Amino acid sequence: MVHYFANPTRFLRLADILSPWFAALTIGSISIGLYFGLFASPPDYQQGETVRIMYIHVPAAWMALFCYSSMAAFSAMSLIWKHPLADLAARATAPVGAVFTFLALFTGSLWGQPMWGTWWVWDARLTSMLVLFFLYIGYMALNNAFDDPERGAKSAAILALVGFVNVPIIKFSVDWWNTLHQPASVLKMGGPSINSAMLLPLLLMAFGFTVYYFWVLMLRIKGEINVHRIRNLQIRQIQSASSLSVPSSQQEPN
Amino acid sequence: MNAINDYLAMGGYALYIWPTYIVFAVLLLGTFFHSRHFAKSTEARLMALKKVPTNRPRDSDAKNKGPINET
């Protein structure tokens, strides 16, 4: 299945079929999620209305980790099996993951000021999330730092794999260290510990963010395939131009 | 009118909640439009490159002439 769609032409055909579904699911679930998050859910007994920041913050943080894990998996596939699309998928994921990480950091800051009394604190969870953001930036910079795109892709893939060690550190940072950030309340042993009126918008937004990622991923992989094909075409045109100009002058006298 | 103002005030946390939703909307819409533009502009460039009458060696040429510049 993965091998079958590793062919760019087949992938593009599949992407054209799936994209409208991803679009509809994204718009649908985020719209309903926004309705429940902003109107049809009660304020928290401790956080008050600021709990509404969580409906953006928590899914964004989940997506930051999900995108990084996908990027590392695609990078591993590209290094081990040399799948032609795996590397493009990793490249396409990086900016989306960086956006979600930034969103998580920014909204966390907006929540921290009224609730903790500070925009930022150098504790384990916040610092490891900031490191994740820099890993995304580093991945993108390294990918474009070489004249030979294949060398850039390989170096960036190695960075993505090495940086993956940060993902479990982020996940368990709230358990391993004494931090200001509260521990997990949805993905934990014994099931979620939040009220269903708040769990519903949270899960709707999380689902919406996930299909949004797939939707944008289809577009970005398409763009990356185009860039790849443009490069190949240009190389071929230069090669044929230089190889044809010589014989044509040689053969003209005949 | 008061109900709307009360709602927008968000229990005194309007300054923290609305920026969250604005930044969320701007970032997700911006990323989407950027990605769509990336896919479309590269597609257009690829099509333009394909249309250029290239002096690409045709397969028949390559077969007939063999390696060029070898004597």
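If you're wondering where the values come from, they're calculated on a predicted model, not measured in any experiment.

Turning next to the overall build of chain B. The helix and strand inventory of chain B stands at three helices and zero strands. The order of α-helices and β-strands along chain B, N terminus first, is α-α-α. Out of the 71 residues belonging to chain B, those deemed buried represent 14%.

So, on to the overall build of chain A. Scanning chain A from terminus to terminus reveals eight helices and zero strands. From first element to last, N terminus to C terminus, chain A shows the α and β order α-α-α-α-α-α-α-α. Radius of gyration (C-alpha) of chain A: 23 Å, far over the 18 Å computed for a compact globule of 254 residues. Taken over the C-alpha atoms alone, chain A extends approximately 95 × 35 × 30 Å along its principal axes. Here chain A, with 254 residues, has 37% of them falling under the buried criterion. Taking as baseline every contact in chain A between residues at least 6 positions apart, the subset at least 24 positions apart corresponds to 75%.

Bringing the interface of chain B and chain A into the picture now. Contacts between the two partners involve 29 residues from chain B and, on the opposite side, 35 residues from chain A. Its residues assigned to classes, the side of chain B that touches chain A shows 17 nonpolar, eight polar and four charged.

All names here are of chain A. Here helix α3 (residues 51–80) contains 30 residues, and its C-alpha end-to-end distance of 44 Å stays within 8% of the 44 Å for a straight helix at 1.5 Å per residue. Counted residue by residue, α3 has 22 buried out of 30 residues, so it is predominantly covered. Directly after α3, the chain includes Lys-82, whose backbone phi takes a positive value near 55 degrees.

Within soluble globular proteins, side chains that are nonpolar tend to cluster in buried spots. Counting 69 residues, the largest nonpolar core has Ala-60, Ala-64, Phe-100 and Ile-221 of chain A as its most contacted members. For Ala-64 of chain A, the residues in contact, after removing those within four places along its chain, are Gly-97, Phe-100, Thr-101, Ala-104 and Leu-132 of chain A.

Here we take up the packing of α3 of chain A against helix α2 (residues 14–51) of chain B. Running from N to C, α3 of chain A and α2 of chain B cross one another at 25 degrees; their axes reach a closest spacing of 9 Å. With respect to their mutual orientation, α3 of chain A and α2 of chain B come out roughly parallel. In the crossing of α3 of chain A with α2 of chain B, the sense of the turn from one axis to the other is left-handed. Only Tyr-16, Ile-17, Thr-20, Tyr-21 and Phe-24 of chain B of α2 of chain B make contact with α3 of chain A, whose side of the interface consists of Arg-52, Ile-53 and Ile-56 of chain A. For the contact of α3 of chain A with α2 of chain B, the residue count by class is six nonpolar, one polar and one charged.

For chain A, per-residue confidence averages 88 on the pLDDT scale, and residues scoring 70 or more make up 93% of the total. This model gives residues 248–254 of chain A a pLDDT under 50, and the stretch forms zero contacts once residues within four places in sequence are excluded.

Residue and element names in this part refer to chain A. By the secondary structure assignment, Ile-80 is in helix α3. Overall, Ile-80 belongs to the exposed group, with 10 C-beta atoms counted inside 10 Å. For the pair formed by Ile-80 and Arg-10, sequence separation is 70 residues and the distance between their alpha carbons is 22 Å.

Let us look at unusual backbone geometry. Here Lys-82 of chain A, not a glycine, exhibits a phi torsion of approximately 55 degrees, which is positive. Mapped onto the elements of the fold, Lys-82 of chain A is located in the loop between α3 and α4 (84–116). You can call Lys-82 of chain A exposed: it has 10 C-beta atoms within 10 Å. The backbone of Met-10 of chain B sits at a positive phi, close to 50 degrees, despite the residue not being glycine. Mapped onto the elements of the fold, Met-10 of chain B is located in the loop between α1 (2–9) and α2.

Time to look at α4 of chain A. All names here are of chain A. Its 33 residues give α4 an end-to-end C-alpha distance of 47 Å, which sits within 8% of 48 Å, the value for a rise of 1.5 Å per residue. Burial within α4 is extensive, with 25 of its 33 residues counted as buried. With its phi angle positive at about 85 degrees, Gly-117 sits one or two positions after the end of α4.

Right, let's talk about the confidence of the model for chain B for a bit. All names here are of chain B. Overall, the prediction assigns chain B a mean pLDDT of 80, with 73% of residues at 70 or greater. Looking at the elements of chain B, mean pLDDT is at its lowest for helix α3 (residues 59–65), recorded as 48, and at its highest for α2, recorded as 94. Confidence drops under pLDDT 50 across residues 60–66; counting only partners more than four residues distant or on other chains, this segment forms one contact.

All names here are of chain A. Along the chain, Ala-92 turns up in helix α4. When the 25 C-beta atoms within 10 Å are taken as the criterion, Ala-92 is described as buried. Between the C-alpha atom of Ala-92 and that of Ile-238, which follows or precedes it by 146 residues, the distance is 28 Å.

Calculation criteria
- Residues numbered from 1 in each chain as written.
- Chains lettered and ligands numbered in written order.
- Predicted model: local features only at pLDDT ≥ 70, side-chain atom pairs only at ≥ 80, totals over all residues.
- Helix = DSSP H or I, 4+ residues; strand = E, 2+ residues; numbered from the N terminus.
- Buried ≥ 20, exposed ≤ 12 C-beta atoms within 10 Å, placed from the backbone.
- Rg over C-alpha atoms; globule rule 2.2 N^0.38 Å.
- Contact = placed C-beta atoms within 7 Å.
- Nonpolar A, V, L, I, M, F, W, Y, C, P; charged D, E, K, R; others polar.
- Expected span 1.5 Å × (residues − 1).
- Core = buried A, V, L, I, M, F, W, Y, C linked by C-beta atoms within 7 Å.
- Axes fitted to C-alpha atoms, helices over the stretch in contact; angles between N-to-C directions.
- Parallel < 35°, antiparallel > 145°, perpendicular 65-115°, else oblique.
- Left-handed = near helix turned anticlockwise from the far one by under 90°.
- pLDDT = per-residue confidence, 0-100.

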